[in-house]
Amino acid sequence: MAEKKKPSRQQVFTLVVQIGRKEGDGLPAKATGAGLVVFASGIDEAEAVRETVAVLKQADTAPLDVTGYGTLAEREAEGHEIGEDERALMQRALDENAVIIAQMEPFYGTHPETDAD
């Protein structure tokens, strides 16, 4: 008798990660850090954050701060517009049980949040 496969409890979470500088991080020479939009799978958001930080450290980056924006359903409930490209990356993160960096924005200057003006 074949065993029934349990449905996966994995979900994909949208995270925004700020990284600082570290030798060999691959950021542009004059950048002071970067912001990353990440789609990460996990049973809960805490696991998705832990996995993301671990992957980023393995990639020789210096994660400083992680902000969670929830699952696809949570984001939709908040009225976020989510395009097909984003949905495809989220599905890939779920299918591959992966951490996917969807966007990277280098920061220049000492205060990225004020430099945007």
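Being a predicted model, the structure only gives us computed values, none of them experimental.

**Considering the overall build of the protein chain**
Part 1 of the argument: Helix and strand counts for the protein chain stand at 4 helices and 4 strands.
Part 2 of the argument: Each helix and strand of the protein chain, ordered N terminal to C terminal, gives the series β-β-α-β-α-α-β-α.
Part 3 of the argument: Looking at the protein chain residue by residue over its 117 residues, the buried ones come to 29%.
Part 4 of the argument: Look at the contacts in the protein chain between residues 6 or more apart in sequence, and 71% of them connect residues 24 or more apart.
Part 5 of the argument: Carbon and sulfur atoms make up 50% of the accessible area of the protein chain, which amounts to about 7,900 Å² in all.

**Considerations on the side chain of T14**
Part 1 of the argument: Tracing the sequence through the fold places T14 in strand β1 (residues 11-20).
Part 2 of the argument: A polar contact of 3.0 Å, which involves the side chain of T14, links it to the side chain of R75.

**Looking at the nonpolar core**
Part 1 of the argument: Counting residues in each nonpolar core, the largest one holds 12 residues, listed as F13, L15, V17, I19, L27, A31, A34, L36, V38, A40, A48 and L56.
Part 2 of the argument: Apart from the residues lying within four places of it in its own chain, the contact partners of F13 are V38, F39, A40, G42, D44, E45, A48, G70 and T71.
Part 3 of the argument: Grouped together as the second largest cluster of nonpolar side chains are 7 residues, V12, I82, A98 and I100 included.

Definitions and cut-offs
- Residues numbered from 1 in each chain as written.
- Predicted model: local features only at pLDDT ≥ 70, side-chain atom pairs only at ≥ 80, totals over all residues.
- Heavy atoms only, no water.
- Helix = DSSP H or I, 4+ residues; strand = E, 2+ residues; numbered from the N terminus.
- Buried < 20%, exposed > 50% of the residue type's maximum accessible area, 1.4 Å probe, protein only.
- Contact = heavy atoms within 4.5 Å.
- Areas by Shrake-Rupley, 256 points an atom, 1.4 Å probe, with all protein chains shown as cover.
- Polar contact = N/O pair within 3.5 Å; in protein donor to acceptor, adjacent residues only side chain to side chain.
- Core = buried A, V, L, I, M, F, W, Y, C linked by side-chain atoms within 4.5 Å.

Nothing here speaks to function; it is geometry throughout.
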